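Summary of structural features
Okay, here's what each chain looks like letter by letter:
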Amino acid sequence: GKNVEPPPIQLTPVPTDTAAASTSPDPLVRWPADTRLNYVLAGNYRGDLHGDAQVLWQRQAAQYQVKISINLGLFSPLMISQGKVSDEGLHPMSYEEKVAGIRRSITLGEQQITLNDGQQALRPARVQDTASQFVEITWRLLSGQLVLEQGATVRYSMARPGGVDEWVYDVVALETLNTRLGGLAAWHLVPRPQAKPRGPITAEMWFAPSLQYLPVRIKMGLGGDSFVDLLIDKVEQADAR
């Protein structure tokens, strides 16, 4: 589909009662409008990091794209998920990432997932990828399928270039983040360590109920003491027509 940049408009806070959206006969009504999240970035990778990042969500009819761009000059990772949306959530069909000049990808068929090395794995129900997971959790929260509270867990299968695993996130607390949009209360999700990690990348996530449960902070571990920490700076959203 076309890559249409969503125009900057005022984000409308999500209503506390999502019952109307949940009972709509058209499942696409419940999905957020095209949204661009802009983040300020700090971190450490062989020294202090400073930069910016974007998460861009776009949908045309039942097709979607999620694009995560981290802008750090020479070291600028990029992750793109594409697929379909349905009343059961995001249905990724392809995922690719470019990190340190190395491109890795997977293809997600209806029954099988083809990994970066050409090997195949069975496709679990409602599987997500590294980029789609952020939007999928937002949608599950908006549609009332998922309710966050301290001590709860969030589970789903995640396909990455090296393989498919179940990921479990613990809901730690509702924390207040100091951002350029003001103080934002957000639920903090922390991933449990993998028994057999396929790589060093992990992600803690914070979802803000007052901003449509969008991920307002993402802290990605890159292995060792290296990390990038994305904090919301600006939200741009197209009209939800």
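These lines cover the structure that appears in this document, whether it is placed above or below. (Residues numbered from 1 in each chain as written. Predicted model: local features only at pLDDT ≥ 70, side-chain atom pairs only at ≥ 80, totals over all residues. Heavy atoms only, no water.)

**Thoughts on the overall build of the chain**
To be explicit about the condition: Starting at the N terminus, helices and strands are each numbered in turn, a helix being any DSSP run of H or I of at least four residues and a strand any DSSP run of E of at least two. Here the term buried applies to any residue with accessible area under 20% of the maximum for its type, exposed to any over 50%, and partly exposed to those in between, with areas from a 1.4 Å probe on protein chains only. A contact between two residues is defined here by any heavy atoms of the two lying within 4.5 Å.
Helix and strand counts for the chain come out as two helices and 15 strands. The burial tally for the chain puts 48% of its 241 residues in the buried class. Within the chain, residue pairs in contact and separated by at least 24 positions form 48% of the contacts whose partners lie at least 6 positions apart.

**Side note on the pattern of salt bridges**
Formally: For salt bridges, the criterion is a side-chain nitrogen of Lys or Arg within 4 Å of an Asp or Glu carboxyl oxygen.
Per the counting criterion, the structure on display carries eleven salt bridges. When the shortest N-O distance is used, the salt bridge between Asp-170 and Arg-192 registers 2.9 Å. On the criterion of sequence distance, the pair formed by Asp-170 in strand S11 (residues 163-179) and Arg-192 in the loop between strand S12 (182-191) and strand S13 (202-208) is long-range, its members being 22 residues apart. By relative accessible area, which is 23% here, Asp-170 ends up partly exposed.

**Concerning the pairing of strand S5 (residues 89-99)**
Here is the rule: For two strands to count as paired, DSSP must find a minimum of two bridges between them.
Two elements, strand S4 (residues 78-86) and S5, share nine bridges in a ladder whose sense is antiparallel. Directly across from Ser-86, in S5, lies its bridge partner Gly-89. A loop of two residues connects S4 with S5, the two strands running antiparallel in sequence. Across six bridges, S5 lies against strand S6 (residues 102-108) in antiparallel orientation. What sits directly across from Val-99, in S6, is Ile-102. The hairpin formed by S5 and S6 contains two residues between the paired strands, and Ala-100 there has a positive phi angle of roughly 55°.

**Section: the packing of aromatic side chains**
Just so we agree on the cut-off: Pairing of aromatic side chains here covers Phe, Tyr and the six-membered ring of Trp, requires ring centres within 6.5 Å, and sorts the geometry by plane angle: under 30 degrees stacked, over 60 edge-to-face, intermediate tilted.
Throughout the structure, instances matching the rule amount to three aromatic pairs. Taking the centre distance of 5.9 Å and the plane angle of 20° together, the rings of Trp-57 and Tyr-64 count as stacked. Note on Tyr-64: relative accessible area 3%, which makes it buried. Look at Tyr-156 and Tyr-169: their rings are 5.8 Å apart centre to centre, the planes differ by 20°, and that puts the pair in the stacked class. In this pair, Tyr-156 is assigned in strand S10 (residues 153-160) and Tyr-169 in strand S11, connecting sequence segments 13 residues apart.

**Focus: the environment of Gly-51**
By the secondary structure assignment, Gly-51 is in strand S2 (residues 48-60). In sequence terms Gly-51 and Val-228 are 177 residues apart; their C-alpha atoms lie 9.5 Å from each other. Aside from chain neighbours lying at most four places away, what touches Gly-51 is Val-40, Leu-41, Asn-71 and Leu-72.

**Topic: helix H2 (residues 132-142)**
Residues lying three or four places apart along an α-helix face the same way, a consequence of the helix completing one turn every 3.6 residues. Counting buried positions along H2 yields eleven of eleven residues, so the element is predominantly enclosed. Inspection of H2 places Ser-132, Gln-133, Phe-134, Val-135, Glu-136, Ile-137, Thr-138, Trp-139, Arg-140, Leu-141 and Leu-142 among the buried residues, and these make up the whole buried set. Following H2 by one or two positions, Gly-144 has its phi on the positive side, about 80°.

**A look at unusual backbone geometry**
Phi at Arg-46 is positive, roughly 60°, even though this residue is not glycine. Within the element layout of this structure, Arg-46 appears in the loop between strand S1 (35-44) and S2. Given a relative accessible area of 79%, Arg-46 falls into the exposed group. You will see that Gln-212, though not glycine, has its phi angle at about 55°, which is positive.

**Details of the nonpolar core**
The condition that has to hold: Buried residues of nine kinds, namely Ala, Val, Leu, Ile, Met, Phe, Trp, Tyr and Cys, make up a nonpolar core once their side-chain atoms join them within 4.5 Å.
Core analysis: the largest hydrophobic core is formed by 58 residues, its most contacted members being Ile-70, Ile-137, Val-154, Leu-189 and Val-216. Leaving out residues up to four positions away in the same chain, Val-216 has contacts with Tyr-39, Leu-177, Leu-184, Ala-186, Trp-206, Ala-208, Leu-211, Leu-230, Leu-231 and Ile-232.

Geometric descriptors of this kind do not, in isolation, establish any biological role.
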